[in-house]
Amino acid sequence: MSDSQYLLTDEQMVHFITKGYVVLRNELPDQLHASVRDKLNVVLHEEGNPGNNILPRVPEIQQFFETPVVKGALTSILGPDYYMHPHRHCHYNQPGNPLPGGGQWHKDGYWSSMRSHRPWWAMIFYYMQDITEEMGPTAIMPGTPYYEKFIGDQGETLLPTGKAGTMVLVHFDLWHKASLNVSDMDRYMLKFQFVRLRAPESPSWNHQEKEMNLNSGGTPYVHMNLWRDIWKWLRGEPGQENLSAAGDEAQIEQLVKELKSEDEVIRARAADQVGMLGEKAASLAPELGRMLNDKEPVALNAAYALGRLGFAGIDELIHRISEGTTQIAQRAAYGLQGAGAKAIPGLLSLLEHANEKCRALAVFILGMIVPPSHEAVSELKACLRDPSEWVRRNAVEAMGMIGSDADDVCLALANVLEESLLQEEDRGTIGIDDTDISQQSYIMNKLGYTAALSLLRTAKASDVPIVIHSLEQALHSKDRYVRAYAFETLTHLRTPEAVDVLIRYYRPARWCPDTTKASTF
């Protein structure tokens, strides 16, 4: 349990939602930071970058992430039972390198089949030395986590700096890049990723005000409806609130003109304002639907506005998923997630669509709507038999996200996990599904990976007889992340049977951080 004084404030949460980051600092002994830097320097120069093994190679790093500051911040964003993801990396920026980290703005590769605007994932960039702009800190672009496309010079470049122990907690999808190190010192940064295990039921930060208190400026565009959707979701509020914004015919006529403006900033603002009017502006649903093919910031505002227009908006979004391009369909999906439970009937109808893209997106959205209906849970289980691996994967993840208490959910997930392991043996490795838009080559066994994560989210001690065999087999998967999730699930369950499996697996796999090519025994 985090000490409440270290939880984020409303102001910090709003900053994270709108700008995509908060800067924090661990006040740890200088000797600890220096010791870790020295060890990293030896490892990087004599052994090479250990990648995901950076933590067992230099186990003192764990102390950085067990402080009240870090636990309080991650609890605020991801809930009290967040999980440190097995992917992590030490970013080493040497003076004079003209292309540190590749030198390009990017988002990190994601772990679901589709990026989520709501914070199911987060990252920390951690600095073990006093960091200045000259040393090349990782540059971030505030306000950009919700954009699939890079917005270039429309965004602001920010170089966070500070004393040793400074860290930048970022929305997983924030655009960032390494900057040039023009100093005469090596720069080290630890990137660690974290995942939420359950949808929020109540605020997990120092929450005081029900409504967001927004400060203007600091983002390339304003996305009021998108930001408020995240705020409400983090507060544990399902569905849309009853809107009370006044709107007369003259105002709606003016908004119609602004939606057709040649200035994209005006179009984006008008779409946001339409959403604030709610069902009073339902007549504008067709126009907003056409705007899903607009510039991305405009299209996002149109999508979230449609999600607030009642059934007229929902029907338009369903239509755009059914008939639109992949890009339009994805944008529509975000609007439907914001529409909440009212969208469930339309989403269930999409499960019968001949196009797997439509079925896959519908399943993804159903997993984002909490609490789910009984019919939705039943249909998600049926989707585990869909011929499309993309659909099946989304159904597996959705069942983990909604956290159903039904006994047969864990059994179904365990069966998917075992079947995926058998496919590893039959096919050598799981191949890339060309129809899956995620195209994540770093996940070898996508179904097994997702099933193991969903078991981590849903399995309880009483489920051990159902899942123990599947999890034990998963410890020998050819996919490193399937193995990691299986280990973490067994650790979470912590029954005598689970502990026995862990001990038998980890006794021969024990890692010694003191054993190197220079000191083999």
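Residues numbered from 1 in each chain as written. Predicted model: local features only at pLDDT ≥ 70, side-chain atom pairs only at ≥ 80, totals over all residues. Heavy atoms only, no water.

1. A few points about the pairing of strand β7 (residues 187-195)
So the rule is basically this: Burial status follows relative accessibility: with a 1.4 Å probe on protein chains alone, a residue under 20% of its type maximum counts as buried, one over 50% as exposed, and anything between as partly exposed. Secondary structure elements are defined from DSSP: runs of H or I of at least 4 residues count as helices, runs of E of at least 2 residues count as strands, and each element is numbered from the N terminus. For two strands to be treated as a pair, DSSP must find at least two bridges joining them.
Most of β7 is tucked away, with nine of its nine residues classed as buried. Residues Arg 187, Met 189, Lys 191, Gln 193 and Val 195 of β7 are buried on one face, and the alternating residues Tyr 188, Leu 190, Phe 192 and Phe 194, pointing to the opposite face, are buried as well. As paired strands, strand β2 (residues 83-93) and β7 are joined by eight bridges and run antiparallel to one another. By the bridge assignment for β7, His 91 is matched with Met 189. Here seven bridges tie strand β3 (residues 121-127) to β7, and the two strands are oriented antiparallel to one another. From the neighbouring strand, Met 123 faces β7, where its bridge partner is Gln 193.

2. Quick notes on the nonpolar core
Rules: In this text, buried Ala, Val, Leu, Ile, Met, Phe, Trp, Tyr and Cys residues form a nonpolar core when linked through side-chain atoms within 4.5 Å. Throughout, a contact is declared for two residues whenever any of their heavy atoms are within 4.5 Å.
Core analysis: the largest hydrophobic core is formed by 170 residues, its most contacted members being Leu 40, Ile 61, Phe 65, Leu 190, Leu 288 and Leu 347. At nine residues, helix α13 (residues 356-368) tops the list of elements feeding residues into this core. Setting aside residues up to four positions removed in sequence, Leu 40 forms contacts with Ile 54, Val 58, Ile 61, Cys 90, Met 128, Tyr 188 and Leu 190.

3. Quick word on unusual backbone geometry
That bond from Val 370 to Pro 371 is cis: its omega, 0°, falls within 30 degrees of zero. Among the secondary structure elements, Pro 371 is positioned in the loop between α13 and α14 (374-382). Even without glycine at this site, Arg 494 takes up a positive phi of about 55°. With respect to the helices, strands and loops of the structure, Arg 494 is situated in the loop between α19 (480-493) and α20 (496-506).

4. Focus: the layout of surface pockets
With a probe scaled to a water molecule rolled over the atoms, the places where space remains empty come into view. Where we set the bar: Only protein atoms enter the 1 Å grid, on which a cavity is a set of points fitting a 1.4 Å probe that cannot get out and a pocket is an open set with protein on both sides within 12 Å along at least 5 of 7 lines, lining residues being those with an atom within 4 Å of a point. Grid points are joined across faces, edges and corners, and a volume is the space filled by probe spheres set on the points.
Volume-wise, the largest pocket comes out at about 930 Å³. Elements that contribute at least two residues to the lining of the largest pocket include exactly α3 (54-57), β2, α19 and α20. Among the elements that line the lining of the largest pocket, the one with the most residues is α19, at seven residues. Estimates place the volume of the second largest pocket at around 660 Å³.

5. Comments concerning empty space enclosed by the protein
Heads up, the rule is: Charged residues are taken to be Asp, Glu, Lys and Arg, nonpolar residues to be Ala, Val, Leu, Ile, Met, Phe, Trp, Tyr, Cys and Pro, and polar residues to be all remaining types, Gly included.
One pass over the structure, following the stated rule, counts three cavities of 30 Å³ or more. Considering the residues around the largest cavity, the lining is formed by 13 residues, among which Arg 115, Ser 116, Trp 121, Phe 172 and Asp 173 are closest to the centre. Its residues placed into classes, the lining of the largest cavity shows seven nonpolar, three polar and three charged.

6. Observations concerning the packing of aromatic side chains
The cut-off we apply is this: Each Phe, Tyr or Trp ring (for Trp, its six-membered ring) is paired with any other whose centre lies within 6.5 Å, and the angle between the two planes then decides the class: stacked below 30 degrees, edge-to-face above 60, tilted in between.
Inspection of every chain in the model, using the stated rule, returns 19 aromatic pairs. Pairing Phe 65 with Phe 192 gives two aromatic rings, centres 4.5 Å apart and planes at 35°, and the pair type is tilted. Here the residue Phe 65 occupies a position in the loop between α3 and α4 (68-78), and Phe 192 occupies one in strand β7, the gap between them amounting to 127 residues. Accessibility classification places Phe 65 together with Phe 192 in one group, the buried group. Look at Phe 150 and Trp 175: their rings are 5.2 Å apart centre to centre, the planes differ by 45°, and that puts the pair in the tilted class. Highlighted residues: Phe 150 in the loop between β4 (138-140) and β5 (166-171) and Trp 175 in the loop between β5 and β6 (176-178), separated in sequence by 25 residues. What makes Trp 175 buried here is its relative accessible area of 9%. One aromatic cluster is present, built from ring pairs that chain together Phe 64, Phe 65, Tyr 82, Tyr 126, Phe 192 and Phe 194.

7. Some words on the packing of α13 against helix α15 (residues 389-402)
Rules: Each axis is a line fitted through C-alpha atoms, and for a helix only the stretch in contact is used; angles between axes span 0 to 180 degrees, taken between their N-to-C directions. When an angle is under 35 degrees it counts as roughly parallel; over 145 it counts as roughly antiparallel; between 65 and 115 it counts as roughly perpendicular; any other value is oblique.
Look at α13 against α15: their axes get within 8 Å of each other, and the N-to-C directions meet at 5°. The angle between α13 and α15 places the two elements in the roughly parallel class. Two secondary-structure elements touch here, α13 through Glu 356, Lys 357, Arg 359, Ala 360, Leu 361, Val 363, Phe 364, Leu 366, Gly 367 and Met 368 and α15 through Trp 390, Val 391, Asn 394, Ala 395, Ala 398, Met 401 and Ile 402. Tallied by class, residues from the contact of α13 with α15 come to twelve nonpolar, two polar and three charged.

8. Structural notes on the pairing of β3
In terms of residue burial, β3 counts as a mostly covered element, since seven of its seven residues are buried. The side-chain alternation of β3 yields two buried faces, one formed by Trp 121, Met 123, Phe 125 and Tyr 127 and the other by Ala 122, Ile 124 and Tyr 126. Looking at chain direction, β3 and β5 are connected through five bridges and run antiparallel. If you follow Tyr 126 over to β5, its bridge partner there is Met 167.

9. Structural notes on the sheet that holds β5
Read from one edge of the open sheet, five strands run β1-β5-β3-β7-β2, paired in antiparallel fashion. Because the sheet does not close on itself, it has two edges, and the strands there are β1 (21-25) and β2. The sheet shows a mean angle of 20° between the axes of neighbouring strands, direction not considered. Here helix α2 (residues 30-46) sits on the sheet in contact with β2, β3 and β7, set at roughly 100° to β7. Running over the sheet, α4 touches β1, β3, β5 and β7 and is turned about 10° from β5.

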